[in-house]
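If you want the building blocks of each chain, they are given just below.
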Amino acid sequence: MVNETRAREDLAAAFRWAARLGLHEAVSNHFSVALGDGPEAPFLIQPSGCHFSRVRASELLKIGPDGEVLAGDATPDPTALHIHGSIHRQVPAARCVLHTHMPYATALTCLQGVDLEPVSQNALRFYERVAWDEDFAGMALDDDEGTRLARALADKPVLFMGNHGVTVAGRDVAEAFDRLYFLEKACEAQVLAMSTGRELRRVDPATARLTRDQWEAYPDGPENHFAEIRAILDEESPGYRQ
């Protein structure tokens, strides 16, 4: 079982840093983290309409497997429940789920026939690790839509949602946030390169796989990165833990 206090503080820190780095859009994005393994485990998510920069650990809602609020006195976003509830129930490795409309990644979802290409160091982290859902309608209106997104994500850490944004998953908040940050950096480099109108120079597939595998061989990297984020927040904005 996940330590709930630590999970709340980690998720609240992720909200604060996403706001600081522009990895979100107003109040229409949502982050969640499961408090255990299996489809019956509850998960934490922010209340509806709460800006990322104002999220506090104690105000996160605890949601049960059927979408019921187990702890908290606010209302969750129904679209968020369809997406996050379905993924937590159906994708065991996705303990933390971060859905955002961050600008450069979203720009790629708006382009016909354009994938995240192995053209930068950060992009190599995700080589052959990205799923696409080209048919996303813009809103997850029911659990059937959420289930379709969960199946599209499957065992990949990243799901691009056509004309909409991205969903990033990880085994914990540190891993998911690390992926979110470097994904946006990869998308930024590609969008800027594409804006010149010149042809992209792609890294050889064998080199891309080797580089990706080397990054994945260091599982402590995301935790170390996130520990620095937590340390800075503890100094500058301790209120997020309240």
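Residues numbered from 1 in each chain as written. Predicted model: local features only at pLDDT ≥ 70, side-chain atom pairs only at ≥ 80, totals over all residues. Heavy atoms only, no water.

Participant: Let's hear about the pattern of salt bridges: which residues, and what values?
Facilitator: Inspection of every chain in the model, using the stated rule, returns 22 salt bridges. Linking glutamate 9 and arginine 230 is a salt bridge whose minimum nitrogen-to-oxygen distance equals 3.2 Å. Taken together, the residues span a long stretch of sequence, with glutamate 9 in helix 1 (residues 4-21) and arginine 230 in helix 8 (residues 220-236) at a distance of 221 residues. Owing to a relative accessible area of 12%, glutamate 9 belongs among the buried residues under this scheme. Here arginine 230 falls in the buried class, since its relative accessible area comes to 10%. Between glutamate 188 and lysine 185 there is a salt bridge, and its shortest N-O distance comes to 3.8 Å. Residue glutamate 188 and its partner lysine 185 are located together in helix 6 (residues 173-194), separated by 3 residues, close to a single helical turn. We classify glutamate 188 as partly exposed; its relative accessible area is 22%. Connected through shared salt-bridge partners, Arg6, Glu9, Asp10, Glu223, Arg230, Asp234 and Arg241 make up one network. (Salt bridge = Lys/Arg side-chain N within 4 Å of Asp/Glu carboxyl O. Helix = DSSP H or I, 4+ residues; strand = E, 2+ residues; numbered from the N terminus. Buried < 20%, exposed > 50% of the residue type's maximum accessible area, 1.4 Å probe, protein only.)

Participant: Break down the side chain of serine 237 for me, citing the residues and quoting the values.
Facilitator: Locating serine 237 in the fold gives a position in the segment after helix 8. In contact with serine 237, other than residues within four places in its own chain, are Arg16 and Ile232. (Contact = heavy atoms within 4.5 Å.)

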